Amino acid sequence: MNTNRIIGKHALILTGRGKTEIASQIFVYDHIREVRVDIEKLEVKVLMNYDEAYFRVYKVEITKELNKEAAVKMVLDFYSKLLNASMKFSKEELENLEKNRKQIIEKTKKNGKQ
């Protein structure tokens, strides 16, 4: 089966295509309660407001071409992109959050040196 993941503006869409069927699952960000990454299993799961079970939305397999370090990076990248998309922040808002985070770190360092 061929699968695709689309991280959209309002939802994560998983599509799968077999020989005679195509299916899609839509995870609307407003209904996501938790996003979880498992580094050991190399997978990302979501928990929805209307469900009690986690649903795996991304998984990486280690192969000859893909070592553990690269696989972990892929999983963390997907996790990060999904979190950023689900927060629905604009690019400018994310830049401002990053600036504020850096300012807080600098203030903390200065206060620690005094």
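Residues numbered from 1 in each chain as written. Predicted model: local features only at pLDDT ≥ 70, side-chain atom pairs only at ≥ 80, totals over all residues. Heavy atoms only, no water.

### A few points about the environment of S24
Alright, step 1. Turning to its location among the elements, S24 is positioned in strand β3 (residues 22–28).
Alright, step 2. Distance from S24 to T3, taken between C-alpha atoms, is 9.4 Å for residues 21 residues apart in sequence.
Alright, step 3. Among all residues touching S24, those that are not within four sequence positions of it are I13, L14 and T15. (Helix = DSSP H or I, 4+ residues; strand = E, 2+ residues; numbered from the N terminus. Contact = heavy atoms within 4.5 Å.)

### Digging into the sheet that holds β3
Alright, step 1. Overall, antiparallel pairing links the three strands, which are arranged β1-β2-β3 in an open sheet. With one partner strand each, in any of the chains shown, β1 (2–7) and β3 form the two edges of the open sheet. In this sheet, neighbouring strand axes are inclined to one another by 15° on average, regardless of whether the strands run parallel or antiparallel.
Alright, step 2. With seven bridges connecting them, strand β2 (residues 11–17) and β3 associate as antiparallel partners. Bridging across to β3, L14 finds its partner in Q25.
Alright, step 3. The strands touched by helix α1 (residues 68–87) are β1 and β2; relative to β1, the strand with the most contacts, the crossing angle is about 45°. (Pairing = 2+ DSSP bridges. Axes fitted to C-alpha atoms, helices over the stretch in contact; angles between N-to-C directions.)

### A look at the sheet that holds strand β6 (residues 55–59)
Alright, step 1. The three strands lie next to each other as β4-β5-β6, forming an open sheet whose pairing is antiparallel. Edge positions in the sheet fall to β4 (32–38) and β6, since each has one partner strand and no second. Strand-to-strand twist of the sheet, defined as the mean angle between neighbouring strand axes without regard to direction, takes the value 20°.
Alright, step 2. Pairing of strand β5 (residues 43–48) with β6 involves four bridges; the strand directions are antiparallel. Bridge pairing in β6 links V46 to F55.
Alright, step 3. With respect to the sheet, α1 is in contact with β4, β5 and β6, its orientation differing from that of β4 by roughly 165°.

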